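# Working through the structure, step by step
Spelled out, the chains give:
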Amino acid sequence: MRTATTITGISELTTNDEELGRLTGAALVFEEERITWVGPEREAPAADQRIDLGGRAVLPGWVDSHTHLVFAGDRTAEFTARMAGRPYTAGGIAGTVRATRAATDEELAANLRAHLAEAAAQGTTCVETKTGYGLTVEDELRAARLAATEADEVTYLGAHLVPPEREAEDYLDTVCGPMLDAVAPHVSWCDVFCERGAFDAGQSRRVLLAARERGLGLRVHGNQLEPGPGVELAVELGAASVDHCTHLTETDIDALAASETVATLLPACDLSTRQPLPPARKLLDAGATVALATNCNPGSSYTSSMAFCVTTAVLQLGMSVEEAVRAATRGGAAALGRDSGDGAVGVVRPGARADVQALDAPSAAWLAYRPGVPLTHRVWRAGRSLV
């Protein structure tokens with residue numbers, strides 16, 4: 001028998017739905033995993049359970065569309081050196097690869113679950129995570145299997161870096177062949193690090209085309225360390241998202257605005273690596289779809305806090321609170337192809353998955369108004385209370 005829960009006492013409800021908009025004095029109802037009703041509290045239908053939030057703001061759960069959570073070890077020494085002035089390069093990934101290969105399945109699974117729980121406690125209800133710290137067929141398959149048991153979306157990132165024991169073209173033969181064959185049943189997406197120190201445009205294209213032939217959706221790490229071909233390649237191949245977008249030309253911005261490829265910004269990473277911050281304002285003004293994500297990983301962005309990313313976007317990227325919240329919810333959902341239809345995430349409307357969070361604040365503006373203050377009051381994922 002299905003049970004219904006009514007959430008009342010909502011001071012401000014951010015729905016991200018074009019018809020519903022932002023509501024005050026609102027209520028919502030969910031039955032099992034789906035939202036079934038949204039509207040004024042005075043019109044709320046009867047339900048089996050009623051929860052009064054006492055005048056708190058409600059918004060969709062965060063959708064973190066870019067993380068690297070299947071790993072072992074940490075890179076504190078690298079971070080400390082970077083803060084002392086050493087420039088960031090992609091080479092530190094090799095240290096995490098060594099630690100991840102040496103870890104047991106149980107250790108990797110426990111670490112993954114711990115980080116997902118940490119994110120959920122801060123309002124994150126939908127998470128994408130990647131392979132990419134194994135870089136052998138066996139270790140990439142292990143990462144894909146572990147991730148598939150815990151995360152909402154899993155991405156194959158065998159093309160994260162050329163491992164030191166391999167030559168680039170020989171390794172790409174593995175990435176596009178037996179490694180792809182092994183992980184394909186466990187993942188929905190393929191990503192490639194199209195960047196200086198990783199893979200060039202031709203190599204990246206080869207990986208993405210091989211993945212597309214296997215029916216995987218495409219994603220690209222691009223334009224992080226300098227202007228490069230990542231955005232152009234992502235748009236050309238119809239990738240769902242291109243992530244980082246730190247160094248963009250006007251041509252890149254125009255291409256993103258004219259496409260359906262989401263520009264996923266990772267501001268916590270840029271702060272941690274002391275890179276310039278991405279041109280969020282230019283992207284939004286041009287009409288591009290923008291997402292915010294944590295890029296949670298042990299090297300360049302060791303945070304699971306989407307609220308921190310939202311705060312940074314408002315205070316340092318020139319985004320409004322409404323734009324930043326939308327980017328961290330429906331923008332992330334768009335980057336994962338989950339922003340429409342039955343069971344959509346990043347939106348509060350009938351038929352969407354019941355992923356919502358309540359803030360210990362009267363409006364979403366407090367996320368930036370009170371930076372660094374934990375504001376998570378309650379979290380529901382698919383109708384189940386997490387916090």
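Here we summarise the structure given alongside this text. (Residues numbered from 1 in each chain as written. Predicted model: local features only at pLDDT ≥ 70, side-chain atom pairs only at ≥ 80, totals over all residues. Heavy atoms only, no water.)

### Quick look at the side chain of R142
By the secondary structure assignment, R142 is in helix 4 (residues 137–148). There is a polar contact of 2.9 Å between the side chain of R142 and the backbone oxygen of T100. (Helix = DSSP H or I, 4+ residues; strand = E, 2+ residues; numbered from the N terminus. Polar contact = N/O pair within 3.5 Å; in protein donor to acceptor, adjacent residues only side chain to side chain.)

### A closer look at the environment of R353
Along the chain, the position of R353 falls in the loop between helix 13 (321–335) and strand 13 (356–359). For the pair R353 and E213, spaced 140 residues apart in the sequence, the C-alpha separation amounts to 30 Å. Once residues within four sequence positions are removed from consideration, R353 is found in contact with E33, R34, I35, T125, C126, D152, R338, G343, A344, V345, R381 and A382. (Contact = heavy atoms within 4.5 Å.)

### What about the sheet that holds strand 12 (residues 290–292)?
Pairing in this open sheet of eight strands is parallel, and the strands run 5-6-7-8-9-10-11-12 from one edge to the other. The two strands at the open ends of the sheet, each matched to only one other strand, are strand 5 (62–64) and strand 12. Put simply, the sheet's adjacent strands are angled 25° from each other on average, direction ignored. Sheet topology note: the strand 8 (residues 189–194)/strand 9 (residues 217–222) ladder contains four bridges and is parallel. Its bridge partner lying in strand 9, F193 is registered against H221. Sitting on the sheet, helix 4 is in contact with strand 6 (124–130) and strand 7 (153–159), with an inclination near 165° to strand 7. Packing of helix 12 (residues 306–316) onto the sheet brings it into contact with strand 5, strand 6 and strand 12, and relative to strand 5 it is tilted by some 95°. (Pairing = 2+ DSSP bridges. Axes fitted to C-alpha atoms, helices over the stretch in contact; angles between N-to-C directions.)

### A closer look at helix 3 (residues 105–120)
Here helix 3 spans 22 Å end to end across 16 residues, near enough to the 22 Å set by a 1.5 Å rise per residue. Within helix 3, burial applies to L108, A109, L112, H115, L116, A119 and A120. For helix 3, the angular spread of the buried residues around the axis is 140°, confining them to a single face. Its buried side turned inward, helix 3 meets helix 2 (93–102), strand 6, helix 4 and strand 14 (376–381). (Expected span 1.5 Å × (residues − 1). Buried < 20%, exposed > 50% of the residue type's maximum accessible area, 1.4 Å probe, protein only. Arc of directions from axis to C-beta.)

### Let's talk about empty space enclosed by the protein
Where empty space is left in the structure can be found by rolling a water-sized probe over the atoms. Applying the stated criterion across every chain, the model contains two cavities of 30 Å³ or more. In this structure, the largest cavity occupies an estimated 110 Å³ of space. In this structure, the second largest cavity encloses a volume near 50 Å³. For the second largest cavity, the full set of lining residues is D64, T67, L69, H115, L116, A119, V127, T294, C296 and S304. Counting residues per element, the lining of the second largest cavity draws most heavily on helix 3, which supplies three residues. (1 Å grid on protein atoms, 1.4 Å probe; cavity = no way out; pocket = protein on both sides within 12 Å on 5 of 7 lines; lining within 4 Å. Points joined across faces, edges and corners; volume = space filled by probe spheres on them.)

It is worth stressing that arrangement in space is one thing and function is another; only the former is reported here.
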